[in-house]
Amino acid sequence: MIIWEASRCLQCGLCARACYSGYLRFAQGQVLVPEGECLDCGHCLAVCPQQALSITGYDAKEIEEYDQARMSVESEKLLGAMRFKRSMRHYSSQPLERETLEKVLTAARYSPTVGNFQTMRFAVLQQQKMDFVRQAAEILYKAKQAGHPETELFKMKTLEMIYEASLRGEDRLFHGAPAVIVVMDKHLEAEPGANAYIAASRMELAAQAMGLGSCYVGLFIRAGRIQPELFQPLGAEADVKPYLALALGYPGLKYRRTVPRKPLEVQWL
């Protein structure tokens, strides 16, 4: 809910201009927001020059003034980071501190969400990771034997290797990464999985900026689609399900150059 402090207001109307939904209006010297229609996006309070607006239900201490030095990113460096990013499938034995993982998760927390619903949840696999590896590996291996469509894209040799390694206590599913972040969200009919994919891409870049390697592991999600019980310990529910798993850790392999990519196919209209 929007709180308006009339004594601070300059009556500039910037808050109404910034409200992309059109719910907030400025009329007769007052800020008007129909009850129950605010999306809590915060654009109005972010643009107000007098801090005359606030939103209930959020920690006001987290709100910061814009700092150009902190928010600007050199485009060539950012594009370079994206070009040099490789999916990491070899990790060092160095463990990941919770503080480091919390910084990565912060990138997801501040990513945009459909309708500003902010319905995502996260599960971090560390101490119990091998339990999930063993379960998922067995599910995938048996599903491949049974001809399950979720395993159609993968060779039997690959799933057998992951399964046999899990029996030896080795993690070939997440490539030995010390931590895995599973991104869950409510199912949105209009944009299924969109929030999770956007959040994960931002976590990936944040992790790279901190010297970490990462890799998306779709097989784990497929295993859970085959046998949903796999996801129950993660906090998954009927309307909340995992959409992707991001393996994280310090790189155990050094890449020395970029790789080729097919040329862009763009239609300029």
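Attention in this report is confined to the structure presented alongside it. It should be emphasised that the depicted structure is a prediction, and the values quoted were computed from it without experimental measurement.

What follows deals with the packing of helix α6 (residues 129–145) against helix α7 (residues 156–167). One can describe the packing of α6 onto α7 by two numbers: an axis separation of 8 Å at closest approach and a directional angle of 145°. Every pair of crossing elements has a handedness; the one defined by α6 and α7 is left-handed. For the pair α6 and α7, the contacting residues are M130, V133, R134, A137, E138, L140, Y141, K144 and Q145 in the first and M156, L159, E160, I162, Y163 and S166 in the second. Here the residues of the contact of α6 with α7 sort into nine nonpolar, two polar and four charged.

The next thing to look at is the layout of surface pockets. Size it by volume and the largest pocket reaches roughly 2,200 Å³. At four residues, the largest contribution of residues to the lining of the largest pocket is made by helix α5 (residues 98–109). Roughly 310 Å³ of internal volume is contained in the second largest pocket. Considering the residues around the second largest pocket, the lining is formed by 16 residues, among which G224, R225, F231, K241 and P242 are closest to the centre. Where the lining of the second largest pocket is concerned, the elements lending two or more residues are α9 (218–226) and β8 (240–249). Here the element with the most residues in the lining of the second largest pocket is β8; it accounts for four residues. Class assignment of the residues belonging to the lining of the second largest pocket gives a composition of nine nonpolar, three polar and four charged.

Right, let's talk about the side chain of D185 for a bit. Relative to the helices and strands, D185 resides in strand β6 (residues 179–186). No salt bridge is formed by the buried D185, whose closest oppositely charged neighbour, R121, lies at an N-O distance of 7.7 Å. Side-chain polar atoms of D185 contact the side chain of T119, separated by 2.4 Å. A polar side-chain atom of D185 sits 3.4 Å from the main-chain amide nitrogen of M120. Leaving out residues up to four positions away in the same chain, D185 has contacts with T119, M120, N195, D239, V240, K241 and Y243.

In a structure, side chains of opposite charge can pair up when their charged atoms sit close to one another. Tallied over the entire structure, the rule returns twelve salt bridges. Salt-bridge contacts for R8 lead to E5; the nearest nitrogen and oxygen are separated by 3.4 Å. Look at E5 and you get partly exposed, because its relative accessible area is 36%. With a shortest N-O distance of 2.7 Å, K129 and D171 are connected by a salt bridge.

Rules used in this analysis
Numbering of residues begins from 1 in every chain and follows the order in which that chain's sequence is written. Local features are withheld for residues below a pLDDT of 70 in this predicted model, meaning they are given only at 70 or higher, and side-chain atom pairs are given and counted only at 80 or more; totals for whole chains, interfaces and linings count all residues. Only hydrogens and water are set aside; all other atoms, that is, all heavy atoms of the structure, feed into the side-chain values. Here, axes are lines fitted to C-alpha atoms. For helices the fit covers the stretch in contact, and angles between N-to-C directions go from 0 to 180 degrees. Only runs of H or I of at least four residues qualify as helices and only runs of E of at least two qualify as strands under DSSP, and these elements are numbered from the N terminus. Crossing handedness is defined as follows: a turn of the near helix away from the far one that is anticlockwise and smaller than a right angle gives a left-handed crossing, while the clockwise case is right-handed. Should any heavy atoms of two residues lie within 4.5 Å, those residues are considered in contact. In this classification, the charged set is Asp, Glu, Lys and Arg, the nonpolar set is Ala, Val, Leu, Ile, Met, Phe, Trp, Tyr, Cys and Pro, and all remaining amino acids, among them Gly, are polar. Only protein atoms enter the 1 Å grid, on which a cavity is a set of points fitting a 1.4 Å probe that cannot get out and a pocket is an open set with protein on both sides within 12 Å along at least 5 of 7 lines, lining residues being those with an atom within 4 Å of a point. Grid points are joined across faces, edges and corners, and a volume is the space filled by probe spheres set on the points. Only protein chains enter the accessibility calculation, which uses a 1.4 Å probe. A residue is then buried if its area is under 20% of the maximum for its type, exposed if over 50%, and partly exposed in between. Residues scored as charged are limited to Lys and Arg (positive) and Asp and Glu (negative), so that His and the chain ends carry no count. In what follows, salt bridge is the name for a side-chain nitrogen of Lys or Arg lying within 4 Å of a carboxyl oxygen of Asp or Glu. In protein, a polar contact means a hydrogen-donor-capable atom and an acceptor-capable atom, both N or O and within 3.5 Å, with residues adjacent in sequence counting only if both atoms are side-chain atoms; elsewhere, any N or O pair within 3.5 Å suffices.

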